[in-house]
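Per-entry structural report
One-letter residues, chain by chain:
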Amino acid sequence: MSKPDPKQTPAHVHATTRDWTAYFDRTAGMPPRETLIDALDAFGEIDPANPPLAVDLGCGIGRDTGELLSRGWRVIAQDSSTEGLERIRTDPVFSAAIGTGRLQIMECAFEDFTPPPCDLLNASFSLPFCPPPCFEDFWLRIDHAIRPGGYFCGQLFGDRDDWSILEDRTHLTREQALSRFQNYVLHSFREEDRPSNHTGEAHKHWHIFHIIARKRIQ
Ligand SMILES: C[S@@+](CC[C@H](N)C(=O)[O-])C[C@H]1O[C@@H](n2cnc3c(N)ncnc32)[C@H](O)[C@@H]1O
């Protein structure tokens, strides 16, 4: 029997349609990502009189932004989705934080964004959506933004992921992912390489690197 065309599978069709509305509906109310929680725990106590700054790249509807704010951080929440950011702007907790200046919203694409110097850069399941021709430049800007002693946390997608055949996605080998962190101490680097668990996620092969890394102070 011939193999099914990988570009006709439900996972591929789902991926190419990029239905962020459905994604936002499905993930509304879900807890913050573990990589963020662990990075915040590793960062430790903060000075409430002088809160550190986090950048939440591809923040969606603020699943992680909310956790950062509740722990006293200042946050720049960036995404290209008008709809996702509108849900943030109209949420009472987020709009109060916007009012006090603790939360700033940046509506733009990764390709056009230069993150400012920050103490933590969170990129939960968002960087694979940076188009490959722009990824290396964007990564340089990310690396430049993270202050010595600051943290990166989030996900990169691997080359064995089913979505790696999509031309507008950035997928890296394990070596390519690890090589980004030579100037960092890896707090954790967990590789997930598995078929779908059929619990509401896209039915596909997942290959994900979950990363928490602290930039060396030198
Ligand atoms: C899988 S969602 C992750 C959202 C959130 N970080 C989370 O963990 O639930 C990916 C997010 O990346 C955003 N995104 C996709 N391509 C983007 C781009 N080129 N520039 C900026 N944001 C982008 C989408 O709008 C979406 O909110």
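The following refers to the structure shown.

Here is what the cut-offs are and how they apply
- Residues numbered from 1 in each chain as written.
- Predicted model: local features only at pLDDT ≥ 70, side-chain atom pairs only at ≥ 80, totals over all residues.
- Heavy atoms only, no water.
- Near = heavy atom within 4 Å.
- Polar contact = N/O pair within 3.5 Å; in protein donor to acceptor, adjacent residues only side chain to side chain.
- Areas by Shrake-Rupley, 256 points an atom, 1.4 Å probe, with all protein chains shown as cover.
- Helix = DSSP H or I, 4+ residues; strand = E, 2+ residues; numbered from the N terminus.
- Phe/Tyr/Trp six-rings, centres within 6.5 Å; stacked < 30°, edge-to-face > 60°.
- Lys NZ or Arg CZ within 6 Å of the ring centre and 35° of its normal.
- Salt bridge = Lys/Arg side-chain N within 4 Å of Asp/Glu carboxyl O.
- Buried < 20%, exposed > 50% of the residue type's maximum accessible area, 1.4 Å probe, protein only.

In the vicinity of the ligand there are 20 residues, among which Y23, R33, G58, D79 and F110 approach most closely. Contacts to the ligand include G58, whose backbone N or O atom sits 2.7 Å from a nitrogen atom. Considering the ligand on its own, with 600 Å² of exposed area, one finds that the protein chains cover 95% of that surface. Of all the elements in the fold, those that place two or more residues in the shell around the ligand are α2 (20-27) and β2 (74-79). Considering every element that reaches the shell around the ligand, the biggest residue donor is α2, with 3 residues.

Moving on, we get to the packing of aromatic side chains. Scanning the model with the defined rule gives 16 aromatic pairs in all. Ring centres of F152 and F181 lie 5.5 Å apart, and the angle between their planes is 50 degrees; on these two criteria the pair is classed as tilted. Taken together, the positions of F152 in strand β5 (residues 146-158) and F181 in the loop between α8 (174-179) and β7 (184-195) put the pair 29 residues apart, joining distant regions of the chain. Taken together, F135, W139, F152, F181 and Y184 form an aromatic cluster joined through their ring pairs. A cation over an aromatic ring shows up here: R169 above the ring of W163, its NZ or CZ 5.5 Å from the ring centre. Lying over the aromatic face of W139, R180 brings its terminal NZ or CZ to 5.7 Å of the ring centre.

Quick look at the environment of G66 now. You can see G66 is positioned in helix α4 (residues 65-70). Here the alpha-carbon distance between G66 and A22, two residues 44 residues apart in the chain, equals 20 Å.

A few words now on unusual backbone geometry. Within the chain, F125 stands out as a residue other than glycine whose phi angle is a positive 55 degrees. Here F125 shows up in the loop between β4 (118-123) and α7 (132-145).

Our next topic: the pattern of salt bridges. Applying the stated criterion to the full structure yields 15 salt bridges. The closest approach of N and O atoms between E191 and R174, which form a salt bridge, is 2.4 Å. In this pair, E191 sits in strand β7 while R174 sits in helix α8, placing the two residues 17 residues apart along the sequence. The exposure class assigned to E191 is partly exposed, which follows from its relative accessible area of 28%. What makes R174 partly exposed here is its relative accessible area of 33%.

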